[in-house]
Amino acid sequence: MEEKMTKPKVSQEDVKEILHSHYDIKPLEIVELNAYDDRNYWIKRSVDGDSDCVLKVTNNIDSKCLDMIKAQTNLLKYVSERGFKCPEPLPTAEGELFFTRKFHGTTHVVRLFKFVNGIVLDKAPKLNELYFNVGREIGRLNESMQNFDDTATYKKHSHKWMLEKCGTIRDVIDVIENSKRKLMVEKVLRSFETRVLSKRSDFRQGLIHGDFNENNIIVQKINNEQYKLEGVIDFGDVNYSFAIFDLAITITYMLIHSGQIETGAFVLAGYKDVRKDLTDAEKSILNICVQARLCQSLVNGLYAYSQDPGNEYVLSSQKTGWDILEKLYAMDDDKVLRMWDSKN
C-alpha cells in the first residue's frame, strides 16, 4: 500500500531543541506559518526582523527524496546569487544545509532558511501596478532558472502539484458535492489533456517555479497606494515542465486575489515586458491552463480539508476560485485572450 502523505507532528519544544542543538539559536518567539503538507516556523530573533529565519520540517513523502532536497537547496543558492530575495538556506553549526530527524517514529528533513521580510501579497490591496510587477517577476525568475545546471534531478521528479499532474484529482473528485461543478471539472481536465498534454512537442519545456501564488510572494508597503515586490518564497514545487505553466499559474492566483478575470491582462503585460519570446501557441492555451490550475487547487484544497478539518488555510481560495473558474469556463478562448493580451 502506498504511504500516505502526512504533515509532520512537531511540538514547540521540538523546534526549540533543534534550534539550540543544531543552530545555537535562542529565539525571542516561534510562530507557526500556514502550510499545506509541511511545518514552517517563523523564528523571531530581533525586533526589526533582519536576522529572523524560518525552520522547515518537510513532510514524510518528500523527505524520502534527498536528491531533490539537495537540488532545491542548490537552486535557492543559485537564485539568491542572481539577485532574487528568497529563503536562502542557512547551515547548521556543523556546516550542513539540511539533516534528517525522527518525529513520532517518522523521518523528516529539517532545514533553516533566511527570512524574507515583508507581508504576503494576499494581505496587500488589489493594485494593477502590483499585478504587472508580479508578471515581470515571474518572467525574470522563469528566465533566470533556465540556466540552472541541475535540471536532470527535476526531470526525474514529479509530485501532485505539478500542473501536468492535475488529472490525479480524479482520484478524489467526489469531495465536490455540487454535481454541476464536478462535471465542469471533468470537462476542463479532458480539454487540458487533449489541447495541452497530448501536444507536448508543440510547446517549450523548462524549469518553472510551479507555485507563484499570493502566499508565496512577499511585498513591502511604500504608501497606501504603492507596494513593492520584496521576494519570493517556497521553491518546493519547482519542476521541469511546460514553460507557459508558470505564467498560467501566476495568473490563476492573481485572479483569485483580485476577484476579477481582467487582472490577467496586467500579469501578462508584465510577463511580456521581460519575456519577449512568448509564442501565439502558448498564449492560445493560457485560458485552459488557468482553468486546469483552478480545478487542481480547488479540489486538492477540499480534499486536504477533509483529511485535516482544522487546517482552514487549504480552503482560502474556495469561494473566489469557483466563481473565477465558472466565468472562464463559460467564455470563449479568443475572448479571454483578447482581454488578457490587450495591454502592451
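This text goes with the structure placed above it.
Overview of the structure.

Conventions and cut-offs
- Residues numbered from 1 in each chain as written.
- Predicted model: local features only at pLDDT ≥ 70, side-chain atom pairs only at ≥ 80, totals over all residues.
- Heavy atoms only, no water.
- Axes fitted to C-alpha atoms, helices over the stretch in contact; angles between N-to-C directions.
- Helix = DSSP H or I, 4+ residues; strand = E, 2+ residues; numbered from the N terminus.
- Parallel < 35°, antiparallel > 145°, perpendicular 65-115°, else oblique.
- Left-handed = near helix turned anticlockwise from the far one by under 90°.
- Contact = heavy atoms within 4.5 Å.
- Nonpolar A, V, L, I, M, F, W, Y, C, P; charged D, E, K, R; others polar.
- Pairing = 2+ DSSP bridges.
- Buried < 20%, exposed > 50% of the residue type's maximum accessible area, 1.4 Å probe, protein only.
- Polar contact = N/O pair within 3.5 Å; in protein donor to acceptor, adjacent residues only side chain to side chain.
- Core = buried A, V, L, I, M, F, W, Y, C linked by side-chain atoms within 4.5 Å.

## A short note on the packing of helix α9 (residues 286-307) against helix α10 (residues 318-330)
Two measures define how a pair of helices packs: the angle their axes make with one another and the distance between the axes. As a packed pair, α9 and α10 sit with axes 10 Å apart at the nearest point and diverge in direction by 150°. Viewed along their axes, α9 and α10 adopt a mutual orientation that is roughly antiparallel. Crossing of α9 against α10: the hand is left-handed. In contact with Asn287, Val290, Gln291, Leu294, Cys295, Leu298, Gly301 and Leu302 of α9, α10 contributes Gln318, Gly321, Trp322, Ile324, Leu325, Leu328 and Tyr329. Looking at the contact of α9 with α10 residue by residue, the classes come out as ten nonpolar, five polar and no charged.

## Here we look at the pairing of strand β6 (residues 106-114)
Of the pairings in the sheet, the one linking strand β3 (residues 53-57) to β6 comprises five bridges and is antiparallel in character. Its bridge partner being in β6, Val57 is matched across the sheet by Val110. Bridge count between strand β5 (residues 99-103) and β6: five bridges; the pairing is antiparallel. In the strand pairing of β6, Phe103 is matched with Thr106.

## Regarding helix α7 (residues 264-274)
In an α-helix there are 3.6 residues to a turn, and that puts residues three or four apart on one side. Counting buried residues along α7, nine of its eleven residues qualify, which places the element largely inside the surrounding structure. Listing the buried residues of α7 in full gives Gly264, Ala265, Val267, Leu268, Ala269, Gly270, Tyr271, Lys272 and Val274. On its buried face, α7 is in contact with α3 (128-145), α6 (244-258), α9 and α11 (333-340).

## Side note on the pairing of strand β2 (residues 39-44)
Sheet topology places strand β1 (residues 29-33) next to β2; five bridges connect them, and they run antiparallel. Bridge pairing in β2 places Val31 opposite Trp42. In textbook terms, the turn of a hairpin is the stretch between consecutive antiparallel strands, and for β1 and β2 this stretch comprises five residues. The pairing of β2 with β3 spans five bridges and is classified as antiparallel. In the sheet register, Ile43 faces β3, and the bridge partner there is Cys53.

## Examining the environment of His257
Residue position: His257 is located in helix α6. On the basis of relative accessible area, His257 is assigned to the buried category, the value being 9%. Each C-alpha atom, one on His257 and one on Gln12, is 32 Å from the other, the two residues being 245 residues apart in sequence. At a separation of 3.1 Å, a polar atom in the side chain of His257 contacts the main-chain carbonyl oxygen of Ala124. Polar side-chain contacts of His257 include one of 2.7 Å to the side chain of Tyr131.

## Regarding the sheet that holds strand β10 (residues 226-232)
As summarised here, the arrangement of the three strands in space is β7-β9-β10, forming an open sheet in which the pairing is antiparallel. Every other strand in the sheet has two partners, leaving β7 (119-120) and β10 as the edge strands with one partner each. For strand β9 (residues 217-223) and β10, the ladder comprises six bridges, and the chain directions are antiparallel. Each bridged residue has a counterpart across the sheet, and for Gln220 the counterpart in β10 is Lys228. Strands β9 and β10 of the sheet are contacted by α3, whose axis makes an angle of about 25° with β10.

## Some points on the environment of Val196
By secondary structure assignment, the location of Val196 is in the loop between α5 (179-195) and β8 (205-208). For the pair formed by Val196 and Phe242, sequence separation is 46 residues and the distance between their alpha carbons is 9.2 Å. In contact with Val196, not counting residues within four places along its chain, are Ser191, Phe203, Phe242, Phe245, Ile285, Ile288 and Cys289.

## Some points on the side chain of His257
Within polar-contact distance, the side chain of His257 engages the backbone oxygen of Leu121 at 3.0 Å. If sequence neighbours within four positions are ignored, His257 has contacts with Leu121, Asp122, Ala124, Pro125, Lys126, Tyr131 and Glu214.

## Examining the nonpolar core
Among the nonpolar cores identified, the biggest contains 76 residues, and Leu75, Phe235 and Phe245 are the most heavily contacted of them. A per-element tally of this core places α6 first, with ten residues. Not counting the four nearest positions on each side in its chain, Phe245 is found in contact with Leu163, Glu164, Phe192, Val196, Ile208 and Cys289. The next biggest cluster of nonpolar side chains, apart from the first, holds 16 residues, and it includes Val10, Val15, Ile25 and Phe103.

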